[in-house]
Amino acid sequence: MTRDIYALEIPRENLSASAGHHPAIVLISSVIYALAATASTNAYSLLTASLLPVSLVKRVKLSALAKLNLVNAVMILTLALTWPTPAGRGLYPEVKAGLIMGVIISLRVNMIYIAFSAMVYPLGIGGMYEALCFMRVPENLRVMMIMTLRGINILRERYESAIISVRLRAPNIRGVMRLKIFAAMMGNVLLQSLERSENMMKAVKCRGGFSGFMQCGTHAVKFGDVVYVMCFAFYGIIIAVMNYA
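A brief report on the enclosed structure follows. Remember, predicted model here, so these are calculated numbers, not experimental data.

### Observations regarding helix H9 (residues 176–206)
Step number 1: Taking 1.5 Å as the rise per residue, H9 with 31 residues should run 45 Å; its terminal C-alpha atoms sit 45 Å apart, in good agreement.
Step number 2: Within the span of H9, buried status applies to Met 185, Val 189, Ser 193, Arg 196, Met 200, Ala 203 and Val 204.

### Comments concerning a nonpolar patch on the surface
Step number 1: On the surface, Val 221, Val 226 and Met 230 cluster together to form a nonpolar patch covering roughly 240 Å² of accessible area.
Step number 2: Assignment of secondary structure puts Val 226 in helix H10 (residues 223–243).

### Notes on the packing of helix H7 (residues 124–134) against helix H8 (residues 139–169)
Step number 1: The N-to-C vectors of H7 and H8 enclose an angle of 160°; their axes lie 10 Å apart at closest approach. Judged by the inter-axis angle, H7 sits roughly antiparallel to H8. For H7 against H8, the interelement crossing comes out right-handed. Contact with H7, carried on its side by Ile 125, Met 128, Tyr 129, Leu 132 and Cys 133, involves Arg 142, Val 143, Met 145, Ile 146, Leu 149 and Asn 153 of H8 and no other residues of that element.

### Remarks on helix H2 (residues 23–38)
Step number 1: A rise of 1.5 Å per residue sets the reference length of H2, with its 16 residues, at 22 Å; its end C-alpha atoms lie 22 Å apart and thus fit the reference within 8%.
Step number 2: Residues of H2 that are buried: Pro 23, Ala 24, Ile 25, Val 26, Leu 27, Ser 29, Ser 30, Tyr 33, Ala 34, Ala 36 and Ala 37.

### Topic: the nonpolar core
Step number 1: Ranked by internal contacts, the top residues of the largest apolar core, which has 23 residues, are Tyr 33, Leu 52 and Met 119.
Step number 2: Among the secondary structure elements, those contributing two or more residues to this core are H2, helix H3 (43–49), helix H4 (51–56), helix H6 (92–119) and H10.
Step number 3: For this core, the leading source of residues is H6, giving six residues.
Step number 4: If you look at the next biggest cluster of nonpolar residues, it comprises 16 residues, including Leu 27, Val 120, Val 137 and Ile 154.

### Quick word on the packing of aromatic side chains
Step number 1: One pass over the full model with this rule turns up two aromatic pairs.
Step number 2: Pairing Tyr 33 with Tyr 235 gives two aromatic rings, centres 6.0 Å apart and planes at 10°, and the pair type is stacked. Residue Tyr 33 is located in helix H2, and its partner Tyr 235 is located in helix H10; the two are separated by 202 residues in the primary sequence.
Step number 3: Each ring, one from Tyr 228 and one from Phe 232, has its centre 5.1 Å from the other, and the planes form 50°; the classification is tilted. Here the residue Tyr 228 and the residue Phe 232 both occupy positions in helix H10, the gap between them amounting to four residues, near one helical turn.
Step number 4: Note on Tyr 228: relative accessible area 15%, which makes it buried.
Step number 5: A relative accessible area of 11% places Phe 232 in the buried class.

What counts and how
- Residues numbered from 1 in each chain as written.
- Predicted model: local features only at pLDDT ≥ 70, side-chain atom pairs only at ≥ 80, totals over all residues.
- Heavy atoms only, no water.
- Helix = DSSP H or I, 4+ residues; strand = E, 2+ residues; numbered from the N terminus.
- Expected span 1.5 Å × (residues − 1).
- Buried < 20%, exposed > 50% of the residue type's maximum accessible area, 1.4 Å probe, protein only.
- Patch = residues over 30% accessible without salt bridge, like charges linked within 9 Å, V, L, I, M, F, W, Y side chains within 5 Å.
- Areas by Shrake-Rupley, 256 points an atom, 1.4 Å probe, with all protein chains shown as cover.
- Salt bridge = Lys/Arg side-chain N within 4 Å of Asp/Glu carboxyl O.
- Axes fitted to C-alpha atoms, helices over the stretch in contact; angles between N-to-C directions.
- Parallel < 35°, antiparallel > 145°, perpendicular 65-115°, else oblique.
- Left-handed = near helix turned anticlockwise from the far one by under 90°.
- Contact = heavy atoms within 4.5 Å.
- Core = buried A, V, L, I, M, F, W, Y, C linked by side-chain atoms within 4.5 Å.
- Phe/Tyr/Trp six-rings, centres within 6.5 Å; stacked < 30°, edge-to-face > 60°.

So yeah, pure geometry; function would need other evidence.
Structure (structure tokens):
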């Protein structure tokens with residue numbers, strides 16, 4: 001585990017979602033879909049954009065979707081209460097407009113989250129690094145992106161371990177003490193993550209800087225990969241056309 005923390009060559013988790021296509025092609029296709037879904041505003045384009053997430057939703061954890069939509073619910077309520085009201089008009093039309101906009105944004109977030117969770121996340125750190133190499137992203141930038149992703153995963157692992165530890169040692173804690181323990185736990189997690197990040201930077205320096213990392217070889221793009229990305233480009237065009245239907 002210690003070796004994996006300071007290494008960039010981490011095996012991919014599961015390539016079944018991308019059907020074995022080139023990581024860069026999968027990443028580009030996901031970005032095309034995300035841009036098309038973000039530009040969707042009416043019911044026709046949103047319905048067209050929802051076809052892909054509906055087919056991929058079985059590969060996403062429902063618990064993660066529930067947490068995401070809890071945040072979306074707060075966002076919808078905030079938009080409904082803070083939507084600008086023109087002078088001389090009543091309050092209720094603006095509340096309705098805020099609710100509609102909040103629901104649209106929530107649908108977009110859910111669709112993009114499902115698409116990226118089912119397509120991009122299974123590539124793993126190694127697949128993402130290979131995709132960035134293929135796309136000619138500058139070396140310093142792609143290494144920093146991979147290290148940031150790894151740091152986020154470390155932070156999540158530390159947080160989950162702290163939560164389990166608290167639940168086992170004090171399962172019936174209530175009131176103000178619960179808030180104090182949560183604050184202490186978060187401080188400890190941040191300090192541990194900071195120490196781990198410093199060790200990661202030392203590993204970079206010991207390898208001679210960013211150029212010291214072993215570069216992964218990129219695979220050739222096949223005809224099936226070209227068809228794959230062209231299908232997503234055509235799908236994005238359809239969503240854009242439906243947006244103005």
